[in-house]
Amino acid sequence: MSGDLQAVGLTALLAATTTLLLVPLASPLAWWLARSTSPSRSVIEAVVAMPLVLPPTVLGFYLLIMLNPESVVGSLWIELTGDSLTFSFSGLVIASIIYSLPFMVQPLQAAFRAVPDSVLEAAATLGASPRDRWLNVVLPMAKRGYLTGCVLTFAHTVGEFGVVLMMGGNIPGETRVLSIAIYEHVETLNYDAAHMLALGLLGFSFLSLWLVYRYAGHRFEVVRG
Amino acid sequence: MSHQLIIKGSLRRARFTLDLDLDVDLSRPLGILGATGAGKTTLLRVIAGLERDFSGRVEFCGEVWHDGDHFDRVPTHQRGLGVVFQDGRLLPGRTVESNLAFARQRARKVNAAVSYEALTEALDLNHLLSEPAEVLSGGERQRAALARALLARPRLLLLDEPLAANDADHRQQLIRHLAEWLSAEGIPLVYVSHAAHELAQLTRQLIVLERGSVTAQGETHVLLEAQSEAIDSVARPVAAVVMSTDVEHSTATLQLDDDAAGAVLPGERVLLQRELTENSGLGAALQPQSDENEG
């Protein structure tokens, strides 16, 4: 039971870290995808969306190749931190960021695309600098996109299995997240424990989606004063 | 103080090429007249720095705003503008009050002759302050946008058909207030409109645009006298007629073909124009609203 609680804590930490890191990482990318007319946009869009269609084991396999201690990135990471990226929490975070990228980028891209140029032009004529326009016009208008992106990213990270197993294995307290714990309970025929965790995930998933539909579904929310 | 505006250059558009060589002193308000598609709005956008493809030079008060292909030598947000677009363009998701606050927070630090309270009162906005921008009518949006532009305490006011969506009563009031404020604040004005009476009341000099080129430039009242001819020469056939009420205390109803097209206030001059098709013409008449009035 304490092992399961540890898995719940680790999963929440992984999902929260991934979500928090993806907000600043995905925002400029989503903005560029929403506004750019560059021919390379569709290529980048396809790359970002790859995790949606790629089997998680394939992604996990390539991440393992790219991030293992013998690779350029993996060895550089060891030099910098002394830790390996494979079979570690840091590696899981990187894998989760890549795996969940489309879940953050796509809602933000849609939200940014909905901000008309005409509104940004009006703000500019009122003296708002590009940074000011971003913070005080774009962000308030993209609130729902951020909420949707955060909830979906968090929920998706909580449910990760294939990539986590390939990159992190099953190390209690380090890489043993909820989905791995459920898998292990099933493997050892401990169905009661598996039920407990699976039911918890089921409820959590429903709650996440309800949150998105309930609060991100509002047509607009008015800024007063 | 001189408010020299110099615009030289060109901009290619699908329907016309804006080709300008303008040098005007905005110490006297400038009107821009022209048919739809003549390039009036594009000209305002060039002045505002919103047309990246304009190739040429824009100068205001000796300050180079746009030079060659460097459209943002002075970027839009640093030009000290007040702009009212045709559609108002209030910031969505915000109340009217929040839209006005957005302008006030970024306004130039100058002593203003007209207060926030006076503006909202005169523009009939007080009952709308807590309303979201999305629920306003076209006329209300334009009035809020006008207040917002003036609250930015601009050094140059660019108005693009700013009253078109308001009814005749509001329009007349707004013209009167606007004339007072501009005179009190000394703000240079560039005013785009189809309405000859608005241009006559608010501007002293006028340019007429046709398919992107200036075809006439001079005193507003002189050019307006000849406006029918000016408008006749646009690319598509247009019929135009100027009508005015001479009586001092009457209001007339304008009959355009068989439809009543709106009220004409005493002394108001109205420009009618209509695109002609093969078998159509323009029939217009002023009908007095009461027996003793004449149109």
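Structure first, text after, so check above.
Note that this is a predicted model, so its numbers are computed, not measured.

Residue and element names in this part refer to chain B. In terms of strand pairing, strand S9 (residues 205–210) meets strand S10 (residues 213–219) through six bridges, oriented antiparallel. Considered in S10, the bridge of Leu209 is made with Val214. Linking S9 back to S10 in an antiparallel pair, the connection comprises two residues, with Arg211 at a positive phi of about 45 degrees.

The subject of this paragraph is the side chain of A:Thr18. All names here are of chain A. Note that Thr18 resides in helix H1 (residues 2–35). For Thr18, a relative accessible area of 0% corresponds to the buried category. A polar contact of 2.7 Å, which involves the side chain of Thr18, links it to the backbone oxygen of Leu14. In this structure, Thr18 is in contact with Val93, Ser96, Ile97, Ser100, Thr153 and Thr157, ignoring residues within four places of it in sequence.

Moving on: the environment of A:Glu184. Residue and element names in this part refer to chain A. Considering the arrangement of structural elements, one finds Glu184 in helix H10 (residues 178–187). Exposure remark for Glu184: the relative accessible area of 30% places this residue in the partly exposed category. Residues Glu184 and Leu211, 27 residues apart in the sequence, show an inter-C-alpha distance of 30 Å. Beyond its immediate sequence surroundings of up to four residues, Glu184 is in contact with Asn170 and Arg176.

What follows concerns the interface of chain B and chain A. Across the boundary between the two partners, chain B contributes 24 residues, which contact 23 residues of chain A. Together chain B and chain A conceal approximately 2100 Å² of surface at their shared face, both sides included; 64% is due to carbon and sulfur atoms. For the pair chain B and chain A, the number of links is three salt bridges. The interface formed by chain B and chain A contains four residue pairs in polar contact (both at pLDDT 80 or more). For the side of chain B that touches chain A, the secondary-structure elements that each account for two or more residues are strand S6 (81–84) and helix H2 (96–105) of chain B. Tallying contributions element by element places H2(B) first for the side of chain B that touches chain A, with five residues. When its residues are assigned to classes, the side of chain B that touches chain A shows eleven nonpolar, six polar and seven charged.

So, on to the pairing of strand S1 (residues 4–12) of chain B. Residues and elements named next belong to chain B. With nine bridges connecting them, S1 and strand S2 (residues 17–25) associate as antiparallel partners. Note that in S2 the partner of Leu11 across the bridge is Leu18. Counted between consecutive antiparallel strands, the loop separating S1 from S2 contains four residues. Bridge count for S1 against strand S4 (residues 55–60) is six bridges, and the pairing is antiparallel. Bridge assignment links Ser10 to a residue of S4, and that residue is Ser55.

Thresholds applied
- Counting from 1, residues in each chain are numbered in the order their sequence is written.
- Labels are handed out in written order, letters beginning with A for the chains and numbers beginning with 1 for the ligands.
- Reporting of local features is limited, given that this is a predicted model, to residues whose pLDDT is at least 70; pairs of side-chain atoms are given and counted only at 80 or more, and all residues count toward the totals for whole chains, interfaces and linings.
- To obtain the side-chain values, all non-hydrogen atoms of the structure were included, while hydrogens and water were left out.
- Note: two strands are recorded as paired if DSSP finds a minimum of 2 bridges between them.
- Under the DSSP-based scheme used, a helix requires at least four consecutive residues in state H or I and a strand at least two consecutive residues in state E, with every element numbered from the N terminus.
- Buried residues are those whose accessible area, probed at 1.4 Å on protein chains only, stays under 20% of the maximum for their type, while exposed residues exceed 50% and partly exposed ones sit between those limits.
- Two N or O atoms count as a polar contact when they lie within 3.5 Å, although within protein this holds only if one can serve as hydrogen donor and the other as acceptor, and sequence-adjacent residues are included solely when both atoms are side-chain atoms.
- By the convention used here, residues are in contact when the closest approach between their heavy atoms is within 4.5 Å.
- Values labelled buried area give the accessible surface lost by two parts on being combined, using a 1.4 Å probe and summing over both.
- The salt bridge definition used is simple: a Lys or Arg side-chain nitrogen within 4 Å of an Asp or Glu carboxyl oxygen.
- Residues are grouped as follows: nonpolar covers Ala, Val, Leu, Ile, Met, Phe, Trp, Tyr, Cys and Pro; charged covers Asp, Glu, Lys and Arg; every other residue, Gly included, is treated as polar.

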